[in-house]
Amino acid sequence: MFAAERRQLILEMVRANGAVSLRELARVVQTSEVTVRRDVRALEAEGLLDRRHGGAVLPGGLSREPGYPQKTHLAAAEKSAIADLAATMVAEGDAIVVGAGTTTQELARRLARVPGLTVVTNSLLVAQALAHANRVEVVMTGGTLRGSNYALVGSGAEQSLHGLRVSRAFVSGSGLTAERGLSTTNMLSASVDRALVAAAAEVVVLADHGKLGSDTMFQTVATDTIACLVTDEQAGASEVASRELDALADRGVQVCVAAAAPPVVPQGAAAAAVGGVGAGLPFPGQRRPVPVGRSGVVR
């Protein structure tokens, strides 16, 4: 790929995602991080993007939110692994809230197999994923439809959550830092996410490695409120993301890392390895990131 074509692709990725790590850019354009870093410098010199924390962002510092079609293609394998692991934290008969997002949509698809579950959500995509599930009750908030992410927002959504109490909230966002916690780019979405979180005894954040170290405009969940972060194994390969994981763990957030592929387990040992793990993952207080396989097996 010629430099001009490579740089155009990098620019398109940043425009779609708001913020992209050098590692992710290198993977997509199929070249080294050294080459990508050189391309990012050249694009920054033209004023087309900004370098920041081992990646690239749109000019102006705070990243914007991409539309739903773009987000579905970003870190798809990582989101799938995160959803697999997060689903093991939900048990039969639980009552939970699930926020809007492509990662939470993946989680909802897996929750369709959990009997006796009650899911409160403001996301049409989450509700659609659970619409035909047997013995799963879906409770939707009121509100006004925000078309870019198919979520209900506004005072109607927030008021419908008043007085609600559930065991756990699963939420995502646009960025996550140890300093500010989870954040998003839209004020209305942030306000509803805060109401969702306020209804839960524990908060689980689902964030792929590309969101770690990214800070966006509106805070939704303060770091001290987050019981657990579920992220993907690419986070350990990025200096910025790895540093952020350590900082989050030092603040008392349990960090669970989901492998993108199932771990190789001898057939005879599989039942013993999986037994007792899953919905019983501890909360909170793990002081260092815990690598966890797709099935929930601690490696």
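Bear in mind the structure is a predicted one, so any value in this text is a computation, not a measurement.

J.: Could you clarify how one ought to interpret the overall build of the protein chain in this entry?
T.: A tally of regular secondary structure across the protein chain gives 11 helices and 16 strands. With 299 residues in all, the protein chain has 52% of them scored as buried. The long-range share in the protein chain, meaning contacts at least 24 apart out of those at least 6 apart in sequence, stands at 68%. Accessible area of the protein chain: about 12,800 Å², with a carbon and sulfur share of 52%.

J.: Can you help me understand the confidence of the model for the protein chain in this one?
T.: Caution is warranted with low-pLDDT regions, since their predicted coordinates should not be read in detail. Looking at the protein chain as a whole, its pLDDT mean stands at 82, while 79% of the residues score no less than 70. Counted against residues more than four places away or in other chains, residues 263-299, with its pLDDT under 50, gives 80 contacts.

J.: Quick question: what am I supposed to make of a nonpolar patch on the surface here?
T.: A grouping of Leu-124, Met-140, Leu-145 and Tyr-150 is seen on the molecular surface, where their side chains present a nonpolar patch of about 330 Å² in accessible area. Examined against the element boundaries, Met-140 turns out to sit in strand E6 (residues 136-140). Met-140 gets classed as partly exposed once you look at its relative accessible area, which sits at 34%.

J.: What's the story with the side chain of Thr-231 in this structure? I'm lost.
T.: Structurally, the position occupied by Thr-231 is in strand E14 (residues 228-232). A residue is classified by how much of its surface remains accessible, and Thr-231, at 0% relative accessible area, is buried. A polar contact is formed between the side chain of Thr-231 and the backbone oxygen of Ala-207, at a distance of 2.8 Å. If near-sequence neighbours (up to four positions away) are discounted, Thr-231 is found in contact with Ile-82, Ala-207, Asp-208, His-209, Leu-212, Leu-245, Cys-256, Val-257 and Ala-258.

J.: Mind showing me how you'd approach the packing of helix H2 (residues 22-29) against helix H3 (residues 33-45) here?
T.: When two helices pack together, their arrangement is captured by the angle between the axes and the distance separating the axes. In the contact formed by H2 and H3, the axes pass within 9 Å of each other and the chain directions differ by 105 degrees. Judged by the angle between their axes, H2 and H3 are roughly perpendicular. Along its contact with H2, which presents Leu-22, Arg-23, Leu-25, Ala-26 and Val-29, the element H3 presents Glu-33, Val-36, Arg-37 and Val-40. Per-class residue counts for the contact of H2 with H3 are six nonpolar, no polar and three charged.

J.: Honestly, the sheet that holds strand E13 (residues 218-221) in this entry has me stumped. Any pointers?
T.: Across a sheet, paired strands are connected by hydrogen bonds in the backbone, their directions being either parallel or antiparallel. With respect to topology, three strands assemble into an open sheet ordered E10-E11-E13, the strand pairing being antiparallel. Of all strands in the sheet, those with a lone pairing partner are strand E10 (175-177) and E13, marking the two edges. Sheet twist, expressed as the mean angle between neighbouring strand axes with direction ignored, is 40 degrees. Pairing between E10 and strand E11 (residues 181-184): three bridges, direction antiparallel.

J.: Even after reading the chapter, I still don't get the environment of Glu-158, so can you show me in this structure?
T.: Structurally, the position occupied by Glu-158 is in helix H8 (residues 155-159). Relative accessible area serves as the criterion here: at 22%, Glu-158 is assigned to the partly exposed category. Between the C-alpha atoms of Glu-158 and Ser-191, which are 33 residues apart in sequence, the distance is 7.6 Å. Each residue touching Glu-158, except ones within four places of it in the same chain, is listed here: Ser-191, Val-192 and Ala-195.

J.: Explain the nonpolar core here, please?
T.: When a protein is soluble and globular, its nonpolar side chains tend to lie buried together. Ranked by internal contacts, the top residues of the largest apolar core, which has 27 residues, are Leu-111 and Phe-170. Those elements that provide at least two residues to this core are helix H5 (76-87), strand E4 (95-98), helix H6 (102-111), strand E5 (117-121), helix H7 (124-130), strand E12 (200-206), E14 and strand E15 (254-258). Setting aside residues no more than four positions away along its own chain, Phe-170 makes contact with Ala-86, Met-89, Val-90, Ile-96, Val-97, Val-98, Gly-99, Thr-104, Leu-107, Val-204 and Leu-206. Ranked by size, the runner-up nonpolar core spans 20 residues in total, among them Val-171, Val-197, Val-203 and Val-221.

J.: For this particular structure, what's the right way to read the state of the cysteines?
T.: Here, disulfide denotes a covalent bond that connects the sulfur atoms of two cysteines. Counting across every chain of the model gives zero disulfides. The cysteine Cys-228 is free of any disulfide, with Cys-256 supplying the nearest cysteine sulfur at 4.0 Å.

J.: Looking at this structure, how should I read the pairing of E12?
T.: Look at any regular strand and the pattern is simple: side chains alternate between the two faces of the sheet. Within E12, five of the seven residues are buried, which leaves it mostly tucked inside the rest of the structure. The pairing of strand E9 (residues 166-171) with E12 spans five bridges and is parallel. Opposite Val-166, over in E12, you have Ala-200 as the bridge partner. Inspection of the sheet shows E12 paired to E14 by three bridges, in the parallel sense. Bridge pairing in E14 places Leu-206 opposite Val-230.

J.: What is the right way to look at the pattern of salt bridges in this model?
T.: Side-chain pairs of opposite charge can arise where the charged atoms are in close proximity. Tallied over the full model, the rule gives 11 salt bridges. Between Arg-7 and Asp-39 there is a salt bridge, with its nearest N and O atoms 2.8 Å apart. Separated by 32 residues along the polypeptide, Arg-7 in helix H1 (residues 3-17) and Asp-39 in helix H3 bring together distant segments of the chain. On the basis of relative accessibility, which here comes to 26%, the residue Arg-7 falls in the partly exposed class. A salt bridge links Glu-239 to Arg-243, with the shortest nitrogen-to-oxygen separation between them at 3.6 Å. One end of the pair, Glu-239, and the other, Arg-243, are both in helix H10 (residues 239-250), four residues apart, so they sit about a helical turn from each other. According to the relative accessible area criterion, Glu-239 is exposed, its value standing at 62%. Within the structure, one salt-bridge network assembled from shared partners comprises Asp-84, Glu-106, Arg-109 and Arg-110.

Each value, and the rule that gives it
- Residues numbered from 1 in each chain as written.
- Predicted model: local features only at pLDDT ≥ 70, side-chain atom pairs only at ≥ 80, totals over all residues.
- Heavy atoms only, no water.
- Helix = DSSP H or I, 4+ residues; strand = E, 2+ residues; numbered from the N terminus.
- Buried < 20%, exposed > 50% of the residue type's maximum accessible area, 1.4 Å probe, protein only.
- Contact = heavy atoms within 4.5 Å.
- Areas by Shrake-Rupley, 256 points an atom, 1.4 Å probe, with all protein chains shown as cover.
- pLDDT = per-residue confidence, 0-100.
- Patch = residues over 30% accessible without salt bridge, like charges linked within 9 Å, V, L, I, M, F, W, Y side chains within 5 Å.
- Salt bridge = Lys/Arg side-chain N within 4 Å of Asp/Glu carboxyl O.
- Polar contact = N/O pair within 3.5 Å; in protein donor to acceptor, adjacent residues only side chain to side chain.
- Axes fitted to C-alpha atoms, helices over the stretch in contact; angles between N-to-C directions.
- Parallel < 35°, antiparallel > 145°, perpendicular 65-115°, else oblique.
- Nonpolar A, V, L, I, M, F, W, Y, C, P; charged D, E, K, R; others polar.
- Pairing = 2+ DSSP bridges.
- Core = buried A, V, L, I, M, F, W, Y, C linked by side-chain atoms within 4.5 Å.
- Disulfide = S-S within 2.5 Å.

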